[in-house]
Structure formats: C-alpha cells, structure tokens
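# Secondary and tertiary structure notes
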Amino acid sequence: MALFGGPSADKILAKGAPASGRITGIRVRYVSDGDSDRRVDEYAVEHAGGTAGIRQDLVPDDLVRLGMDVDLVVHAGDAVIDWAATGDRLGFDGSVVTHRSKVLKEPPEPGIVDEDRSFVAVRKKGEAATVTITDLAERSFLGGLAVRLTATVTVALDGVEPYQAEIKGLAVPFYATHLIAVGLAAPGYVALKRLDKPVIDWAAAATADPGVGRPPARPRHVEPTEAAGAGDDDLTPDGIAASIAAAADAGPVHGGVTLATYAAVEAGLQRDRVRPADHDAYAVGKGMPADTTWAAASAAWQAAIRQDWKLGAAFAEAFETERKRR
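In short, a report on the structure. (Residues numbered from 1 in each chain as written. Predicted model: local features only at pLDDT ≥ 70, side-chain atom pairs only at ≥ 80, totals over all residues. Heavy atoms only, no water.)

## Focus on the overall build of the chain
Scanning the chain for helices and strands turns up 10 helices and 16 strands. Of all 326 residues assigned to the chain, the portion counted as buried reaches 46%. For the chain, contacts bridging at least 24 residues in sequence account for 67% of all contacts bridging at least 6. Of the accessible surface of the chain, which amounts to about 16,000 Å², a share of 51% is contributed by carbon and sulfur atoms. (Helix = DSSP H or I, 4+ residues; strand = E, 2+ residues; numbered from the N terminus. Buried < 20%, exposed > 50% of the residue type's maximum accessible area, 1.4 Å probe, protein only. Contact = heavy atoms within 4.5 Å. Areas by Shrake-Rupley, 256 points an atom, 1.4 Å probe, with all protein chains shown as cover.)

Right under this line is the structure:
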C-alpha cells in the first residue's frame, strides 16, 4: 500500500505502461517533521487519459518547470513521474523516488501554489509590491558547505517612493531556479511596518515565466536559518559548531535511516566500490531497515539536508570520519 492508502508507486511502476505527460500544476506544502518543516511537492500532470495528481519527490528538483513535458508510467488511470526517463531524454541524471509518493484524489490547480509559511505571513499582512533584483552577492560558511545569498533589491510600492532593501538569505524555490538573476522584476509583498523586509512571490513569478527548458541561472542555496526553522541562529564560530553538534546529536531519522547510518553507507559505497545492484543489501548490513530501499532513504536524507544546513554540515563531518575509517 502507498502512504495513506491508495495504489503504491511501486505497483504503478511494476504494472503500468510508459506514457507522456505535461506538468500543469505545482503545489508545495510544508508539514511538521520534528523541529523543522518537511516540504511536500504535489503535481498535476496532464496525459492522454486525463489529469493525474501525484505527490512525489523529483531528484534533482532544480530542473522542474511548470509546463514541462515529463515521462510517466500509468496504470489504471494513476501515474508516477518517471524522472529517470525524463532525465535521459533531457540530458540530466534523474532518480525515480517512491518514498512518500502518493496518488492524489484531487490534482493541484493549474499554476503554482507555494505555502511557504514565512511568505504567507508577509502576504497576509503586507501590501503588493514589485521587487527588482539589482545585485546578488554570496557569502560562504563552513568552508563552503553552506552559502548565504543576499539580494539587493528596489521595492516599488503604491504611495511610497521606490527604495532599496536587502533580502539576506535569499531562498529560491526549485521551480524558479531559472529566475535568479540581476534585473528580475518580480511580484512581491512588504509589510508597511517592516519596509526593510520585502519578499518575492516566486510562485507568481514562475507561473508568469515558467522557464521550460531553461537551466538554473546559478546554484540554488537555501538560507540556513529559515530552512531550519530556528529563527536567528548564532553564526559565530562557537555558535555554528554548537548548532552542528546539536543536529548530529538530535538523532534525526529520514527514510528509516539515522544520520550515522546514512554517512556510514554513503562513505562505504564509495570506499568499497559497491555495485548499484548491491546497494540495498550493503545498506541493510550497515543498519538500514529491510523494508525500505537505499534509493528512498538517500532521497529522504538529501531532501532533509536541503532544508537544514546544520544537518548538511553534520553529515559532512560524519561522512569524512567514515571515509577515513578502515
């Protein structure tokens, strides 16, 4: 059975037939997953048999575009996006991840809806504005393991003289990576009490300019403090070290695998040159539950690391330790 019932993605893949489709709707939701929010991506995909609603992680996700043609596997009207076949056709290395996948009774509406809580809070209390990026600058942390992108913007708001502001830790969603560029004039919002804190409506911008076939304009970075849901982190050297240690000690489990197991398996697969066909057996030998797959566990961890820079740094340290282990 799939998560929450319904036909499983694995069943659809096993019994279905290849088909072609087009992404017509994207809905991004966020659910509580311990101390942070976990992103949930849902798609409406039109195909010859109708419109399928699909909850699925697409890895990598920075080439996902509203309106793009995708390869599908369809069975009895239900569908799974064959991201590996899509990648083979378009020239990237895609993975078919079935962990947490689900057939949706109601597909998302056409266009893009992103329920990012920080954006929704400003939109609810703020005023519509046009936000134009005039400069982009990066600052790296932890020897490049984490990067903060700062955008200098001009904000045009009715009744207010256009003014300059900074968006520190600019977090650009996966569906809008083609838009990260100086000169972008995007819809946005700003609270009158915090004119220095404008936000860009990436969903509206990408709906207007989907960017089908266009690659990311630059590497996509997730702002550490917002992604972790932790407010204002202490970014002094001691504070960073403490945050990483806390993330490692928290005992997070994604895809049924702990951080220590994830690092041990990833390092071991490389060190021992394990063939892809043997990844599952190798991971089970290292502590992965037998009722999952390494592809699913790895994809779940990659998604978690993208959401929380502290987990990424903790993994990097654990991976390096395991890599040197004999």
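## A closer look at the pairing of strand 5 (residues 69-75)
With 5 of 7 residues buried, strand 5 is to be regarded as a mostly interior element. For strand 5 and strand 6 (residues 78-81), the ladder comprises 4 bridges, and the chain directions are antiparallel. Following the sheet pairing, Val-73 is matched in strand 6 by Val-80. Between strand 5 and strand 6, which follow one another and run antiparallel, lie 2 residues, and Ala-76 among them has a positive phi close to 55 degrees. (Pairing = 2+ DSSP bridges.)

## Here's the deal with the packing of aromatic side chains
Tallied over the full model, the rule gives 5 aromatic pairs. With 5.0 Å between their ring centres and 50 degrees between their planes, Trp-83 and Phe-92 make a pair best called tilted. You can call Trp-83 buried: its relative accessible area is 0%. Its relative accessible area of 13% is what places Phe-92 among the buried residues. Between Tyr-262 and Trp-294, the aromatic rings sit 5.8 Å apart at their centres with planes inclined by 35 degrees, giving tilted as the arrangement. In this pair, Tyr-262 sits in helix 7 (residues 259-271) while Trp-294 sits in helix 9 (residues 294-307), placing the two residues 32 residues apart along the sequence. As far as the burial class goes, Tyr-262 and Trp-294 line up, both buried. Three or more aromatic residues joined by ring pairs make a cluster, and in this case those are Tyr-262, Trp-294 and Trp-301. (Phe/Tyr/Trp six-rings, centres within 6.5 Å; stacked < 30°, edge-to-face > 60°.)

## Comments concerning unusual backbone geometry
With an omega of -5 degrees, the peptide bond running from Val-59 to Pro-60 counts as cis. On the secondary structure map, Pro-60 appears in the loop between strand 4 (58-59) and strand 5. The phi dihedral of Arg-100 is positive, around 70 degrees, even though this residue is not glycine. Looking at the secondary structure, you find Arg-100 in the loop between strand 7 (95-96) and strand 8 (102-104). The partly exposed category is assigned to Arg-100, whose relative accessible area is 27%.

## Remarks on the pattern of salt bridges
When the charged atoms of two side chains lie near each other, side chains of opposite charge can form a pair. For the structure on display, the rule yields 11 salt bridges. The shortest N-O distance in the salt bridge between Glu-42 and Arg-27 comes to 2.6 Å. You can see Glu-42 sitting in strand 2 (residues 36-47) and its partner Arg-27 sitting in strand 1 (residues 17-33), a full 15 residues away along the chain. Each of Arg-27, Arg-29, Glu-42 and Arg-55 takes part in a single network of salt bridges with overlapping partners. (Salt bridge = Lys/Arg side-chain N within 4 Å of Asp/Glu carboxyl O.)

## Description of the nonpolar core
The nonpolar side chains of a soluble globular protein tend to be buried with one another. The biggest cluster of nonpolar side chains holds 47 residues, and the ones touching the most others in it are Ile-23, Ile-26, Tyr-43, Ile-81, Leu-170, Tyr-175 and Trp-202. Looking at which element gives the most residues to this core, the answer is strand 11 (residues 146-157), with 5 residues. Other than its neighbours up to four places away in sequence, Tyr-43 contacts Ile-23, Gly-25, Ile-26, Ala-52, Gly-53, Ile-54, Gln-56, Leu-58, Val-64, Ile-81, Pro-108 and Phe-174. Core analysis: the next-biggest nonpolar cluster, separate from the first, contains 19 residues, Leu-259, Leu-269, Met-288 and Ala-314 among them. (Core = buried A, V, L, I, M, F, W, Y, C linked by side-chain atoms within 4.5 Å.)

## Quick look at helix 7
End to end, helix 7 covers 18 Å across 13 residues, agreeing with the expected 18 Å (1.5 Å per residue, within 8%). Burial analysis of helix 7 places 10 of its 13 residues in the buried class, which makes it a mostly covered element. Every buried residue of helix 7 is listed here: Leu-259, Thr-261, Tyr-262, Ala-263, Ala-264, Val-265, Glu-266, Ala-267, Gly-268 and Leu-269. Directly after helix 7, the chain includes Arg-273, whose backbone phi takes a positive value near 55 degrees. (Expected span 1.5 Å × (residues − 1).)

## Structural notes on the environment of Gly-268
Locating Gly-268 in the fold gives a position in helix 7. Sequence separation of Gly-268 and Tyr-282 is 14 residues, and the distance between their C-alpha atoms is 8.6 Å. Excluding anything up to four places from it in sequence, Gly-268 contacts Arg-273, Val-274 and Tyr-282.

## A few points about the environment of Ile-167
The topology assignment puts Ile-167 in strand 12 (residues 160-167). Under the relative-accessibility criterion, Ile-167 is labelled buried at 11%. Here the alpha-carbon distance between Ile-167 and Val-199, two residues 32 residues apart in the chain, equals 7.7 Å. Setting aside its immediate chain neighbours within four residues, Ile-167 contacts Val-131, Leu-149, Thr-150, Ala-151, Val-153, Pro-198 and Ile-200.

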